[in-house]
Amino acid sequence: MTTTVRLGAAVPVEPATPAGAATRRPISGSAHSWDLSTGVDGPGTRFVTFLSGCPLSCLYCHNPDTWKMRNGKRYAADDIVAEAAKYTAFIRASGGGATLSGGEPLLQPVFAGELFHRFKHELGLHTALDTSGYLGARATDALLRDVDLVLLDIKSWDPATYAKVTGREVAPTLAFARRLAALDKPVHIRFVLVPGLTDDPANIEGVAAFAASLGVVSRVDVLPFHKLGETKWEALGKPFTLHDTPSPGPEQVTAAREIFEGHGLYAV
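### Examining the overall build of the protein
Phase 1 of the analysis: A tally of helices and strands in the protein yields nine helices and nine strands.
Phase 2 of the analysis: Compactness check: the protein gives a C-alpha radius of gyration of 19 Å against a globular reference of 18 Å for 268 residues, within 12% of the reference.
Phase 3 of the analysis: Within the protein, buried positions represent 51% of all 268 residues.
Phase 4 of the analysis: Contacts spanning at least 24 positions in sequence make up 75% of the contacts within the protein whose residues lie at least 6 apart.
Phase 5 of the analysis: Seen as two clouds, the 26 positive and the 28 negative side-chain charges of the protein have centres 7 Å apart.

Here it is in C-alpha cells:
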C-alpha cells in the first residue's frame, strides 16, 4: 500500500553568519517540492525531495512540471536538511530514509551530493537516489559513497524504443549501471510496462538479462503504466500522446514479472 503526505515547503532563508565567523557560501539548488512517502521511493517511510530539471522527456512522465529548472524554487541545502530533521525519529522507526528524486537529481550533482552527505552523516538516514542514469557520469565517487541504494529506471532495452520513450539514448544508463556494479552498490531496477510501447517480451527479456548480469540488483519493480499525470501535461499545454493507451492488465504485469524472475531476480 502506498501513502503520500504532501508537506508545505518553507520559504528558503539563508542562515545568519555569527560575528567573526568565516563566511561560507551555502550550497543551494532548485527543488520542486518534498514529501513523506511510503512504499514507492525505497524501503520504509522516506523524506523525498524532488529536484527540478530533467534531460529526458518521457512520454508517460507523471511529473512533467519538474522538467525545467525554472519551474522549481531555489533552496539552500540547510533548509531541506532542516525540514527532513523534523521527521527523523519517525523515519528511523519505519526503517526508512531520505530519497532524492525529480526530475533528475544528477542534473544538479553538487546540490545532490551535499544533501546526500548531510542526510547520511548529520541525520543518520539511509539514502536513496532515484535516477534514469542518463547523467550517471556526473555522479562523483564521493556522491555515490553517500548513497546507500540506487533506484535505477531502465525505460527500455531496445535502443529505438528507448529513444521513442525518452528522446535520448540508452547507452549512458547502461554504462552507469555497470559502474554501480563495479562499486558493489545496491540497486533496485524500475521498469514501466506500457502496452504497445515497452511490453514486447524481447524488450523485457533484454532488461532482465542485463539486470541479472550486474549482480547488485536485489529487486525489480514492474510499474504498470498509468495516466495520473495527464492533467499536469494539459496544464502545461503539452499534448499527452499516450492518452489512448490502456494500462496493462494484471496478466500482462504478471507475465513481465515472470520474465525477470526467470533470470533469478525478485520482481514485484
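### Notes on unusual backbone geometry
Phase 1 of the analysis: Residue glycine 103 follows glycine 102 across a cis peptide bond; omega there is 15°.
Phase 2 of the analysis: By the element assignment, glycine 103 lies in the loop between β5 (97-101) and α3 (109-121).
Phase 3 of the analysis: Notably, aspartate 184 is not glycine yet its phi reads approximately 60°, a positive angle.
Phase 4 of the analysis: Inspection of the secondary structure puts aspartate 184 in the loop between α6 (171-182) and β8 (187-193).

### Quick look at the pairing of strand β9 (residues 217-224)
Phase 1 of the analysis: Direction of pairing for β8 relative to β9: parallel, over a ladder of seven bridges. Bridged to phenylalanine 191 within β9 is valine 222.
Phase 2 of the analysis: Since β8 and β9 lie parallel, the crossover through helix α7 (residues 201-214) that links them has a hand, and here it is right-handed.

### With respect to the pattern of salt bridges
Phase 1 of the analysis: Counted according to the given criterion, the structure contains 10 salt bridges.
Phase 2 of the analysis: For lysine 86, the salt bridge is made with glutamate 83, and the minimal N-O distance between the two is 3.0 Å.
Phase 3 of the analysis: The class for glutamate 83 is buried, based on a relative accessible area of 6%.
Phase 4 of the analysis: The residue aspartate 148 makes a salt bridge to lysine 120 at a minimum N-O spacing of 2.7 Å.

### Quick look at the nonpolar core
Phase 1 of the analysis: Counting residues in each nonpolar core, the largest one holds 71 residues, and the members touching the most others are Ile80, Leu115, Phe119 and Phe260.
Phase 2 of the analysis: Setting aside anything within four residues of it in sequence, one finds phenylalanine 119 in contact with Phe47, Thr49, Ile80, Val81, Ala84, Ala98, Leu100, Gly124, Leu125 and Thr127.

### A closer look at the side chain of threonine 88
Phase 1 of the analysis: With respect to the helices and strands, the residue threonine 88 is situated in helix α2 (residues 88-93).
Phase 2 of the analysis: On the basis of relative accessibility, which here comes to 12%, the residue threonine 88 falls in the buried class.
Phase 3 of the analysis: Here the side chain of threonine 88 touches alanine 85 through a polar contact of 3.3 Å, landing on its backbone oxygen.
Phase 4 of the analysis: With residues up to four places along the chain from it excluded, the contact list for threonine 88 reads Leu123 and Leu125.

### Regarding the pairing of β5
Phase 1 of the analysis: For β5, the buried fraction is high: five of the five residues fall into the buried class.
Phase 2 of the analysis: Where strand β3 (residues 45-51) meets β5, five bridges bridge the pair, whose relative direction is parallel. Across the sheet, residue phenylalanine 50 finds its bridge partner in β5, namely serine 101.
Phase 3 of the analysis: Both β5 and strand β6 (residues 126-131) contribute to a ladder of four bridges, which runs parallel. What sits directly across from threonine 99, in β6, is alanine 128.
Phase 4 of the analysis: Remark: the β5/α3/β6 crossover connection has right-handed handedness.

### Notes on the environment of alanine 212
Phase 1 of the analysis: Tracing the sequence through the fold places alanine 212 in helix α7.
Phase 2 of the analysis: For alanine 212, a relative accessible area of 30% gives the class partly exposed.
Phase 3 of the analysis: When neighbours within four sequence positions are excluded, alanine 212 is seen to be in contact with His263 and Leu265.

### Describing the confidence of the model for the protein
Phase 1 of the analysis: Of all residues in the protein, 91% have pLDDT values of 70 or greater, and the mean over the chain is 91.
Phase 2 of the analysis: Per-residue pLDDT stays below 50 along residues 1-23; that stretch engages in 36 contacts with residues further than four places along the chain or on separate chains.

### Digging into the packing of helix α1 (residues 77-85) against α3
Phase 1 of the analysis: For the pair α1 and α3, interaxial distance at closest approach is 10 Å and the crossing angle is 35°. Crossing hand, α1 versus α3: right-handed. Contact residues: Ala77, Asp78, Ile80, Val81 and Ala84 in α1; Phe111, Glu114, Leu115, Arg118 and Phe119 in α3.

### Overview of the environment of proline 186
Phase 1 of the analysis: Relative to the assigned elements, proline 186 resides in the loop between α6 and β8.
Phase 2 of the analysis: Separated by 36 residues in the primary sequence, proline 186 and valine 150 place their C-alpha atoms 6.4 Å from one another.
Phase 3 of the analysis: When near neighbours in sequence (up to four residues on either side) are disregarded, proline 186 contacts Asp148, Leu149, Val150 and Val216.

About the cut-offs
- Residues numbered from 1 in each chain as written.
- Predicted model: local features only at pLDDT ≥ 70, side-chain atom pairs only at ≥ 80, totals over all residues.
- Heavy atoms only, no water.
- Helix = DSSP H or I, 4+ residues; strand = E, 2+ residues; numbered from the N terminus.
- Rg over C-alpha atoms; globule rule 2.2 N^0.38 Å.
- Buried < 20%, exposed > 50% of the residue type's maximum accessible area, 1.4 Å probe, protein only.
- Contact = heavy atoms within 4.5 Å.
- Lys, Arg positive; Asp, Glu negative; His and termini not counted.
- Charge placed at Lys NZ, Arg CZ, Asp CG, Glu CD.
- Pairing = 2+ DSSP bridges.
- Right-handed = clockwise from strand over helix to strand, strands pointing away.
- Salt bridge = Lys/Arg side-chain N within 4 Å of Asp/Glu carboxyl O.
- Core = buried A, V, L, I, M, F, W, Y, C linked by side-chain atoms within 4.5 Å.
- Polar contact = N/O pair within 3.5 Å; in protein donor to acceptor, adjacent residues only side chain to side chain.
- pLDDT = per-residue confidence, 0-100.
- Axes fitted to C-alpha atoms, helices over the stretch in contact; angles between N-to-C directions.
- Left-handed = near helix turned anticlockwise from the far one by under 90°.

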